[in-house]
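Below are the chains, spelled out letter by letter.
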Amino acid sequence: MPDLNDIAVFVRVVEAGSFTAAARLLGMPKTTVSRRVAALERAVGVRLLQRTTRSLGLTDAGRLYHDQGSRALRLIEEANQQLAEARAETSGTIRISAPVGFGGHFLTATVFDFLAAYPKTRVELRLTDDRLNLIENGIDLAFRTGILPDSTLIARRLGATLRILCASPDYLARRGVPRVAADLAGHDCVIAGPSAIGASWVLDGPEGQETVAVSGRFAANEMQAVAAAALAGYGIAQLPDGIAGALVRDGRLRRVLPGHAAPVGGIHAVYPSGQHLSPLVRSFIELAAKRLATVGIGDQDGVAVPHW
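Our subject in this report is the structure included herewith. (Residues numbered from 1 in each chain as written. Predicted model: local features only at pLDDT ≥ 70, side-chain atom pairs only at ≥ 80, totals over all residues. Heavy atoms only, no water.)

**Observations concerning the layout of surface pockets**
The space that makes up the second largest pocket amounts to roughly 320 Å³. In terms of lining, the second largest pocket is formed by 16 residues, of which the most central are Arg163, Ala192, Ser200, Trp201 and Gln238. The dominant element in the lining of the second largest pocket, judged by the number of residues it contributes, is strand S8 (residues 199-205), at 4 residues. Partitioning the lining of the second largest pocket into residue classes produces 11 nonpolar, 4 polar and 1 charged. (1 Å grid on protein atoms, 1.4 Å probe; cavity = no way out; pocket = protein on both sides within 12 Å on 5 of 7 lines; lining within 4 Å. Points joined across faces, edges and corners; volume = space filled by probe spheres on them. Helix = DSSP H or I, 4+ residues; strand = E, 2+ residues; numbered from the N terminus. Nonpolar A, V, L, I, M, F, W, Y, C, P; charged D, E, K, R; others polar.)

**Brief notes about the nonpolar core**
Judged by nonpolar contacts, the single largest core of 24 residues is most densely connected at Leu141, Phe143 and Phe284. Secondary-structure elements contributing two or more residues to this core are strand S3 (92-98), helix H5 (100-117), strand S5 (141-146), strand S6 (153-167), strand S12 (262-272) and helix H9 (279-294). Residues contacting leucine 141, with those up to four places away along its chain left out, are Ile94, Arg95, Ile96, Ser97, Ala269, Val270, Tyr271, Val281, Phe284 and Ile285. Listed in part, the 17 residues of the second largest apolar core include Leu165, Ile191, Val214 and Leu257. (Core = buried A, V, L, I, M, F, W, Y, C linked by side-chain atoms within 4.5 Å. Buried < 20%, exposed > 50% of the residue type's maximum accessible area, 1.4 Å probe, protein only. Contact = heavy atoms within 4.5 Å.)

**With respect to the pattern of salt bridges**
Summed over all chains, the structure comprises 9 salt bridges. Arginine 36 is the salt-bridge partner of aspartate 6, the closest N and O atoms lying 2.7 Å from each other. In this pair, aspartate 6 is assigned in helix H1 (residues 4-16) and arginine 36 in helix H3 (residues 30-44), connecting sequence segments 30 residues apart. Taking the relative accessible area as the measure of exposure, arginine 36 reaches 28% and is therefore partly exposed. For arginine 156, the salt bridge is made with glutamate 286, and the minimal N-O distance between the two is 2.6 Å. (Salt bridge = Lys/Arg side-chain N within 4 Å of Asp/Glu carboxyl O.)

**Details of H9**
Over its 16 residues, H9 extends 23 Å from the first C-alpha to the last, a length consistent with the 22 Å expected when each residue adds 1.5 Å. All of the buried residues along H9 are Leu280, Val281, Ser283, Phe284, Ile285, Ala288, Ala289 and Leu292. (Expected span 1.5 Å × (residues − 1).)

**Remarks on the environment of leucine 158**
The residue leucine 158 is located in strand S6 in this model. Counting along the chain gives 13 residues from leucine 158 to threonine 145, while the straight-line C-alpha distance between them is 10.0 Å.

**Concerning the side chain of arginine 156**
Its location among the elements puts arginine 156 in strand S6. Given a relative accessible area of 14%, arginine 156 falls into the buried group. Reaching out from arginine 156, the side chain makes a polar contact with the side chain of glutamate 286 at a distance of 2.6 Å. (Polar contact = N/O pair within 3.5 Å; in protein donor to acceptor, adjacent residues only side chain to side chain.)

So, in structure tokens, the structure goes:
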């Protein structure tokens, strides 16, 4: 395939009328200009220019190639200009809210990529497991996981997540490995919720959906604390696959009942329905969607829709 730089040099030679004038405009030696045009002719397999000691002319093939090549270069220049204008528009401050576990393990990396890509932006990230009122708290964009409650917000589904069962190797060595979901009732479980007793887990497994009563010595309403308790050997925990994956891969946790998982729901980007979606917010959502796709939990086609 011809080198795009060679095509650009060829077009400039034709427009300048000579190798010498083109070299001066391009700021490169005349020999380099001649060598690039010769390389282009070899790549396309035809002579494009008729060279004499006193003149420079286009062959029929050269005239066709110049017309098409110059048009393609103009399109590329226009695309570059549009990208530059879009980036220039992406400036200002964006205030984002997200759950603590999701924000700590995923969203902060996306924020850093965003700041690097758009140097004129600022991000104020508020991590909380409380569902904040976006308008009252001045939040431009929120990420929410699970089943969305009724709302007047606009939601775009970006992906889906599961909670998988994990425990530390030390805990399993002491207490044994559960073989079926019913075995969980005889184990200490780390509860993601307000109480360590009276909880139940709904699990999708090979035999369909099962509900198991569980209890343990530790409960927390924050996923980082749940993961820490599992790592410390205090029981079997349900952890989002995005958090548990790395811990399982490095051997700090082991998957328990690998045929079972707890359905959690979607990962959504939400924003107020009365708010015009700014280039700033749109750019961040697109970046987050791409990052989710790279880790295998993103949706291919997410559409923003109101949910009432």
